[in-house]
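Listed below, chain by chain, are the residues.
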Amino acid sequence: MKFVQKYVFSEKMRLAQPRAHRVTVCSVRGPANRDTTPMITYETNRPLTALDFIGVLNRSTLGERRPVHDVTRIQTMLDHADLLVTAWCHGLLVGVSRALTDYSFCCYLSDLAVDEGYQHRGIGKRLVELTHEMAGPQTTLILLAAPKAVGYYPKIGMQRHEACYTFDRTE
Ligand SMILES: CC(C)(COP(=O)(O)OP(=O)(O)OC[C@H]1O[C@@H](n2cnc3c(N)ncnc32)[C@H](O)[C@@H]1OP(=O)(O)O)[C@@H](O)C(=O)NCCC(=O)NCCS
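Here is what the cut-offs are and how they apply
- Residues numbered from 1 in each chain as written.
- Predicted model: local features only at pLDDT ≥ 70, side-chain atom pairs only at ≥ 80, totals over all residues.
- pLDDT = per-residue confidence, 0-100.
- Contact = placed C-beta atoms within 7 Å.
- Near = placed C-beta within 6 Å.
- Helix = DSSP H or I, 4+ residues; strand = E, 2+ residues; numbered from the N terminus.
- Nonpolar A, V, L, I, M, F, W, Y, C, P; charged D, E, K, R; others polar.
- Axes fitted to C-alpha atoms, helices over the stretch in contact; angles between N-to-C directions.
- Parallel < 35°, antiparallel > 145°, perpendicular 65-115°, else oblique.

Describing the confidence of the model for the protein chain
Next, step 1: Confidence in the prediction for the protein chain averages 86 pLDDT; 78% of positions are at 70 or higher.
Next, step 2: Per-residue pLDDT stays below 50 along residues 1–17; that stretch engages in 24 contacts with residues further than four places along the chain or on separate chains.
Next, step 3: Below pLDDT 50 for its whole length, residues 29–35 participates in 11 contacts with residues either more than four positions away or in separate chains.

Let's talk about the site of the ligand
Next, step 1: Neighbouring residues of the ligand: 21 residues in total, closest Gln119, Gly124, Lys125, Ala149 and Gly151.
Next, step 2: Put simply, the parts of the chain that give the shell around the ligand at least two residues each are β6 (106–114), α4 (123–135) and α5 (152–155).
Next, step 3: Considering only residue class, the shell around the ligand consists of 10 nonpolar, 7 polar and 4 charged.

Brief notes about unusual backbone geometry
Next, step 1: Even without being a glycine, Asn45 presents a positive backbone phi close to 55°.
Next, step 2: Note on placement: Asn45 falls in the loop between β3 (40–44) and α2 (50–60).

Quick look at the packing of α2 against helix α3 (residues 71–79)
The description of two packed helices rests on the angle between their axes and on the distance between the axes.
Next, step 1: In the contact formed by α2 and α3, the axes pass within 9 Å of each other and the chain directions differ by 95°. As summarised for this structure, α2 and α3 are arranged roughly perpendicular, according to the angle between their axes. Between α2 and α3, the residues in contact are Ala50, Phe53 and Ile54 and Val71, Ile74, Gln75 and Leu78, respectively.
Next, step 2: The class makeup of the residues in the contact of α2 with α3 is 6 nonpolar, 1 polar and no charged.

And the structure:
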């Protein structure tokens, strides 16, 4: 499906309070028939409930790799995130990017998920771009690819880093 993008993100929005709510930053609209072509709207830091977040994680399959059965832990993940970029289609949450950032050096994108029914339309790529734009040009965007998405990140232009190390979580 072919989309035309209408881009209304501004520098003022980037400099606004990081947790400002319901900032619509971009929309993607089908060119011809608006009744049958979905319009995707992107928002930053629109509050999500834990159940909203769990829903889109499950609909994307990323729920297999996140603690979706622990609502309190999911809520804590939302409460302490710095950037939440979401994609919506007629009120349905169809994509999410959750990131932690200092807005001046680094941005860790922890969770990227697109509802399976809306994948392969450029939504994931747009969520990553908007996350990095909101974090700011001085930041490096860093993430760990889930096994299913290892081949994805090079396709959207990200560089593989050979010197990444982790301590695994114990719970
Ligand atoms: C990975 C994911 C976020 C991609 O979202 P998306 O909206 O479908 O991706 P896009 O439409 O932006 O895809 C851009 C390109 O990458 C390709 N691509 C999409 N998913 C891919 C994947 N899993 N592996 C390899 N390439 C992929 C697309 O085909 C497209 O290429 P094209 O130019 O040939 O069309 C989505 O598939 C998803 O939520 N997967 C399950 C959860 C997951 O693994 N998340 C990542 C956690 S690190």
